[in-house]
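Descriptive structure summary
Listed here are the chains, written in short residue letters.
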Amino acid sequence: MAVVGGGLAGALLALRLAAQGHGVDVYERRSDPRLGGADSGRSINLGLSKRGIHALTEAGLIGEVMAMTVTMAGRVIHAPDGSTRFQPYGKDRGEVLHSIDRNELNQLLLDRAEAHPQVRLHFGHRLVGADKARRTLEFETRDGARVQAQAAWVVGADGAFSRARRELQRGERADYHQEYLEWGYKELTLKPLADGRSAIELEALHVWPRSHGLFVSHPNRDGSHTLTLFLPFEGPDSFATTRSEDEVRALFAKYFPDLVPLLPQLVEEWMAHPVGALITTRTAPWSRSDWMVLVGDACHAVYPFYGQGMNSAFEDCSALMAALARHPQDRAAAFADYERSRRPHTDTLAELSKANFVELRQKVQSPWFLARKRLDVALNRLLPRAWLPLYTMIAHTTMPYGDALARAQRQERILVGAGVGALAVVGLGAWLVLAV
Ligand SMILES: Cc1cc2nc3c(=O)[nH]c(=O)nc-3n(C[C@H](O)[C@H](O)[C@H](O)COP(=O)(O)OP(=O)(O)OC[C@H]3O[C@@H](n4cnc5c(N)ncnc54)[C@H](O)[C@@H]3O)c2cc1C
Ligand SMILES: NC(=O)C1=CN([C@@H]2O[C@H](COP(=O)(O)OP(=O)(O)OC[C@H]3O[C@@H](n4cnc5c(N)ncnc54)[C@H](OP(=O)(O)O)[C@@H]3O)[C@@H](O)[C@H]2O)C=CC1
Ligand SMILES: Nc1ccccc1C(=O)C[C@H](N)C(=O)O
């Protein structure tokens, strides 16, 4: 069988399938990232949380992966006046996120996959076509040659701009919805101090929320942080209007003055680094007969603001493996079962990811929002089984995303009901006092 895409989900799934006895050919468009080189990917680092941890545990890799991470105990919010405020990610040190370099993680997964005798990796192979009737895939290699491969069945794990999805849907009654965010992103590096210490709190995700831009940073083990600036593509103070050195300096002086002394290479990095686009996709079906099935961003790309893209892609691998185990004799039924049980929840994740953009940009500075967060954590400490904040359920449990949202909405209704009740009691009390 074949896996298209040797990224995060593709490499993990290859390993899991090989462990079940499948012979797996992995086709990856890039050259081998372990050899370095220009197209070995960007330096994005990612927040690993419970769902990803669970899937990596199933694959027996969690020990090695954890050794590559930096703990993020909470968010540090940087206000425009330079003051900071810490918001923990959960009720205790067990409820944290883990920052990991995507390239390092990908390389580890590829190493482990390649070490399995049942796995063969083919780099520099870009999927360009598929013949569903003949069960063949067509790839373009680095030198522009076309090669064909026969595959008993195929997993499309080729990311947000998936070619496998396009091929799966060709000539079918299929849905595809893609939404672009009007904001793009650019990565910058906040280097460690001369003595190797981090210039800002290491064990946290940092956020600089502004009306017109948002910086988020993930820590690295060497004390540096990868900063991601989210900014509108067009309009005033946008990527379109920030092109010259003076424009870059002016943007930072206006919105992020506290970052300027920490980024001596700001202008050089700004000029050298690309602006990335962000999309949300929804698609159906996720599979075709017993031949092809999609996982990860290929079937549900989400905005990165909840930090769940990779985690949900890894969770897909677990869900697909479980569905295959439930239907050992009927792969088509396994694919359909996987999609049925999973798609409503990844649809919910897409909405949650959009909502967290608003939370990070606007809400995190509101006193009302912060009080509400604190109440959530306090109730969770008091009633650890009965009361679970939404963030806790998404980041620190494997509860299906849709169930987590429904439960959070029920809790919200209880809180509103209790608030209205409390107000009514106070009001009644006041009336009685006045009436006597
Ligand atoms: C700025 C940013 C921050 C993020 N932060 C987080 C975070 O904190 N936590 C989190 O969980 N997620 C995060 N994500 C999301 C995460 O990166 C993705 O969800 C994750 O990489 C998806 O994994 P995947 O295996 O589905 O796809 P990918 O990891 O993209 O792998 C797809 C692979 O397929 C290959 N490929 C593509 N086309 C072809 C083709 N035609 N033929 C062969 N191979 C092909 C690609 O080269 C790639 O290697 C973030 C994303 C961004 C952009
Ligand atoms: N949800 C999201 O919005 C995002 C998710 N991601 C995820 O992270 C993964 C890796 O990220 P990264 O290495 O930065 O990926 P890139 O942004 O470098 O994209 C990888 C490839 O996808 C194709 N591509 C990029 N943008 C578009 C577009 N607008 N329309 C069509 N094709 C496009 C290009 O292929 P070609 O050169 O052949 O044209 C590009 O080389 C992605 O595969 C994706 O799954 C990444 C960015 C955004
Ligand atoms: N990975 C990201 C990339 C960009 C923006 C935010 C994130 C986050 O993970 C935010 C985190 N989940 C938070 O809620 O604080």
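Going by the annotation in an unreviewed UniProt entry, the name recorded for the chain is FAD-dependent monooxygenase, with Lysobacter silvisoli given as the source organism. The Catalytic activity (unreviewed entry) field of the UniProt record for the chain holds the comment "L-kynurenine + NADPH + O2 + H(+) = 3-hydroxy-L-kynurenine + NADP(+) + H2O". In its Cofactor (unreviewed entry) section, the UniProt entry covering the chain states "FAD".

Overview of the overall build of the chain
On a plain count of helices and strands, the chain comes out with 13 helices and 20 strands. Relative to its length of 436 residues, the chain is compact, with a C-alpha radius of gyration of 24 Å against a globular reference of 22 Å. If one aligns the C-alpha atoms of the chain with their principal axes, the spans along those axes are about 85 × 55 × 40 Å. A burial count over the chain gives 38% of its 436 residues as buried.

Some thoughts on the nonpolar core
Core analysis: the largest hydrophobic core is formed by 99 residues, its most contacted members being L12, L13, A14 and V295. V295 has contacts with A9, L13, V155, A157, A313, D316, C317 and L320, leaving out every residue within four places of it along the chain.

Describing the confidence of the model for the chain
With 95% of its residues at a pLDDT of at least 70, the chain reaches an overall mean of 94. For this predicted complex, the interface score ipTM comes out at 0.95, alongside a pTM of 0.95.

So, the packing of helix α1 (residues 8–19) against helix α9 (residues 309–326)
For the pair α1 and α9, interaxial distance at closest approach is 9 Å and the crossing angle is 25°. In terms of orientation, α1 and α9 fall into the roughly parallel class. The hand of the α1/α9 crossing is right-handed. Residues L8, A9, L12, L13 and R16 of α1 lie in contact with α9, whose contacting residues are M310, A313, F314, D316, C317 and M321. Taken together, the residues of the contact of α1 with α9 sort by class into nine nonpolar, no polar and two charged.

Considering the packing of α1 against helix α4 (residues 102–115)
Viewed as axis vectors pointing N to C, α1 and α4 meet at an angle of 25°, and their least axial separation amounts to 9 Å. When the interaxial angle is binned, α1 and α4 end up roughly parallel. Crossing geometry of α1 relative to α4 is assigned as left-handed. Along the contact surface, α1 presents L8, A11, L12, A14 and L15, while α4 presents L105, N106, L109, L110, R112 and A113. Tallied by class, the residues present in the contact of α1 with α4 amount to nine nonpolar, one polar and one charged.

Structural notes on the domain arrangement of the chain
Here the chain is described as being made up of domain 1 (2–70 + 99–179 + 279–357), domain 2 (183–272) and domain 3 (365–435). Domain 1 and domain 3 are separated by 37 Å when their C-alpha centres are compared. Listed as interface residues are 12 residues of domain 1 and, on the opposing side, nine residues of domain 3. For the side of domain 1 that touches domain 3, the elements supplying multiple residues, two or more each, are α2 (50–58) and α10 (331–361). The element that contributes the greatest number of residues to the side of domain 1 that touches domain 3 is α10, accounting for six residues.

Focus on unusual backbone geometry
The step from A284 to P285 runs through a cis peptide bond, and the omega angle for that step is -5°. Mapped onto the secondary structure, P285 falls in the loop between β18 (279–284) and β19 (287–288). The phi angle at R135 is positive, at roughly 55°, despite the residue not being glycine. Phi is positive for D237, close to 50°, though the residue is something other than glycine. Here D237 lies in the loop between β17 (225–232) and α6 (245–255).

A look at the environment of F233
Tracing the backbone shows F233 in the loop between β17 and α6. Separated by 52 residues in sequence, F233 and L181 have C-alpha atoms that sit 9.1 Å apart. With residues near it in sequence (within four places) discarded, F233 still touches E182, W183, G184, S238, F239 and A240.

Some words on the sheet that holds strand β9 (residues 125–131)
The sheet built from three strands is open, its strands ordered β9-β10-β11 with antiparallel pairing. Of all strands in the sheet, those with a lone pairing partner are β9 and β11 (146–150), marking the two edges. Adjacent strand axes in the sheet meet at a mean angle of 30° when their direction is disregarded.

What to know about the sheet that holds strand β20 (residues 292–294)
Pairing in this open sheet of six strands is mixed, and the strands run β8-β2-β1-β12-β20-β19 from one edge to the other. This sheet does not close on itself; its edge strands, each paired only once, are β8 (119–122) and β19. As judged from the four bridges shared by strand β2 (residues 24–27) and β8, these two strands associate in the parallel manner. Bridge pairing in β8 places V24 opposite V119.

So, the pairing of strand β15 (residues 205–210)
Counting buried positions along β15 gives five out of six residues, so the element sits mostly inside the fold. One ladder, built from three bridges, connects strand β5 (residues 74–78) with β15; its direction is parallel. Within β15, the residue paired with R75 across the bridge is L205. Sheet topology note: the β15/strand β16 (residues 213–219) ladder contains five bridges and is antiparallel. Residue pairing for β16: W208 is matched across the bridge by F215.

Some remarks on the environment of N45
Mapped onto the fold, N45 is located in strand β3 (residues 45–48). Here N45 falls in the buried class, since 24 other C-beta atoms lie within 10 Å of it. Put simply, N45 and D143 are 98 residues apart on the chain and 31 Å apart in space, counted from C-alpha to C-alpha.

Reading the values: rules and limits
- Residues numbered from 1 in each chain as written.
- Chains lettered and ligands numbered in written order.
- Predicted model: local features only at pLDDT ≥ 70, side-chain atom pairs only at ≥ 80, totals over all residues.
- UniProt positions renumbered as here; feature names shortened; annotations may be inferred.
- Helix = DSSP H or I, 4+ residues; strand = E, 2+ residues; numbered from the N terminus.
- Rg over C-alpha atoms; globule rule 2.2 N^0.38 Å.
- Buried ≥ 20, exposed ≤ 12 C-beta atoms within 10 Å, placed from the backbone.
- Core = buried A, V, L, I, M, F, W, Y, C linked by C-beta atoms within 7 Å.
- Contact = placed C-beta atoms within 7 Å.
- pLDDT = per-residue confidence, 0-100.
- Axes fitted to C-alpha atoms, helices over the stretch in contact; angles between N-to-C directions.
- Parallel < 35°, antiparallel > 145°, perpendicular 65-115°, else oblique.
- Left-handed = near helix turned anticlockwise from the far one by under 90°.
- Nonpolar A, V, L, I, M, F, W, Y, C, P; charged D, E, K, R; others polar.
- Domains from an automatic or database assignment.
- Pairing = 2+ DSSP bridges.

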